[in-house]
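Single-letter residue listing:
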Amino acid sequence: MPSPSTAATPAALPVLIRTGVALLALAAFALSYDALRQMAAASHIHRLLTYAFPLVIDGFIAIGIGALLVLRNSPLRARLYVSALVGIATATSIWANVLHAVRLNQQSRPGGLALDDLTVGVISAIAPLALAGAVHLYLLVQRRPTHTALLEGARHIAAAAPPERGAATATNEPPSDEDVAEADDASAEQVAQPENPSAERGDQPPTATWEQVIEIGRTAPVGRDNRVSRRHMETAIRGKGLRPGGRARLERAKDLLQAELDRNQANATAA
């Protein structure tokens, strides 16, 4: 069993990364905010409204990047539209920061460290680019722990021996109505159809691969309220002469197929 310090390190690392990225995003936003506010004032925007101008541009970049991650499975046309908006907002922020720095550099008096207009423009473009990159990194790190936990769970399931049919998985969550109905149906099937004695001699069918579970699960009938049913998936897999594996494995496959079904229904409604 891993020590508490070893187990706490991976859990604390994403928090530290998110904190660092958030501080980086705030610093980049502050640098870009100052330049954009001065550009708004030079454009004769009302003095009280110049403080909102940077929020419109840089805030749109942050929201647009988040929307791109949310819409990663959406149709290509929708993703291209959001990408174009984010690109325009980012280009506008970079252009405004560069123009602000170059104009000030041209008007500054000689003395001290003097930089050419190109160098000043490149340096001023760092802030909006860092802001967009920091927001993207933060959202990726925010999503990463869940994905890692799923992979670790899959490794434990693959390493463990397949549980016997009807074996229950311990959980702290109360059973849902669908789980209760599935348990009742499974109990009725066990009473009506006793276990095959040949299973005790090791004459068991092979366990379905993950790809087979997904492929057969797509053909299984859905349950109540157009929801993917784990019991129907198990019946369909056994009908193919295969063993479905553990309950946790079927639950993960059911969640994946339900997300795919919801996405297809959303696309059909949008079309």
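1. Here we look at helix α4 (residues 117-124)
Three or more residues of α4 are buried, namely Val120, Gly121 and Ser124. Buried residues of α4, viewed axially, fall in a sector of 100 degrees; they line one side. For α4, the exposed residues set more than 90 degrees away from the buried face come down to Leu118 and Val122.

2. Topic: the side chain of glutamate 260
Along the chain, the position of glutamate 260 falls in helix α9 (residues 247-270). A polar contact of 2.8 Å, which involves the side chain of glutamate 260, links it to the side chain of arginine 218.

3. With respect to a nonpolar patch on the surface
Together, Leu115, Ile123 and Ile126 make up a nonpolar patch on the protein surface, roughly 270 Å² of accessible area in all. Structurally, isoleucine 126 is set in helix α5 (residues 126-159).

4. Some points on unusual backbone geometry
For histidine 44, which is not glycine, the phi dihedral falls at a positive 65 degrees. Here histidine 44 shows up in the loop between α1 (4-42) and α2 (53-70). The class of histidine 44 is exposed, set by a relative accessible area of 75%.

5. Some words on the pattern of salt bridges
What the rule picks out here adds up to six salt bridges. Close ionic contact of glutamate 215 with arginine 218 constitutes a salt bridge, the shortest N to O distance being 3.4 Å. Of the two residues, glutamate 215 and arginine 218 both sit in helix α7 (residues 210-219), three residues apart, roughly one turn of that helix. In this structure, glutamate 251 engages arginine 247 in a salt bridge whose closest nitrogen and oxygen atoms are separated by 4.0 Å. With glutamate 251 and arginine 247 both in helix α9 and four residues apart, this pair spans about one turn of that helix. According to the relative accessible area criterion, arginine 247 is partly exposed, its value standing at 29%. Through salt bridges with shared partners, a single network forms among Arg230, Arg247, Glu251 and Lys254.

6. Brief notes about the packing of helix α8 (residues 230-239) against α9
Between α8 and α9, the shortest axis-to-axis distance is 10 Å and the interhelical angle comes to 110 degrees. Considering the angle they form, α8 stands roughly perpendicular to α9. Across the interface between the two elements, Arg230, Met233, Glu234 and Ile237 of α8 pack against Arg247, Leu250, Glu251, Ala253, Lys254 and Leu257 of α9. The class makeup of the residues in the contact of α8 with α9 is five nonpolar, no polar and five charged.

7. What to know about the packing of helix α3 (residues 76-107) against α4
Where α3 contacts α4, the two axes come as close as 8 Å, and the packing angle between them is 145 degrees. Between α3 and α4 lies a crossing of right-handed hand. When α3 is examined against α4, the residues Asn97, Val98, Ala101, Val102, Asn105 and Gln106 are found in contact with a partner set consisting of Asp117, Val120, Gly121 and Ser124.

8. Topic: the environment of alanine 40
Inspection of the secondary structure puts alanine 40 in helix α1. Accessibility expressed as a relative area gives 1% for alanine 40, which makes it buried. Sequence separation between alanine 40 and threonine 50 is ten residues; the distance between their C-alpha atoms is 5.4 Å. With residues near it in sequence (within four places) discarded, alanine 40 still touches Ile45, Thr50 and Phe53.

Calculation rules
Residues numbered from 1 in each chain as written. Predicted model: local features only at pLDDT ≥ 70, side-chain atom pairs only at ≥ 80, totals over all residues. Heavy atoms only, no water. Buried < 20%, exposed > 50% of the residue type's maximum accessible area, 1.4 Å probe, protein only. Helix = DSSP H or I, 4+ residues; strand = E, 2+ residues; numbered from the N terminus. Arc of directions from axis to C-beta. Polar contact = N/O pair within 3.5 Å; in protein donor to acceptor, adjacent residues only side chain to side chain. Patch = residues over 30% accessible without salt bridge, like charges linked within 9 Å, V, L, I, M, F, W, Y side chains within 5 Å. Areas by Shrake-Rupley, 256 points an atom, 1.4 Å probe, with all protein chains shown as cover. Salt bridge = Lys/Arg side-chain N within 4 Å of Asp/Glu carboxyl O. Axes fitted to C-alpha atoms, helices over the stretch in contact; angles between N-to-C directions. Parallel < 35°, antiparallel > 145°, perpendicular 65-115°, else oblique. Contact = heavy atoms within 4.5 Å. Nonpolar A, V, L, I, M, F, W, Y, C, P; charged D, E, K, R; others polar. Left-handed = near helix turned anticlockwise from the far one by under 90°.

The values reported here are purely geometric and, on their own, carry no functional implication.
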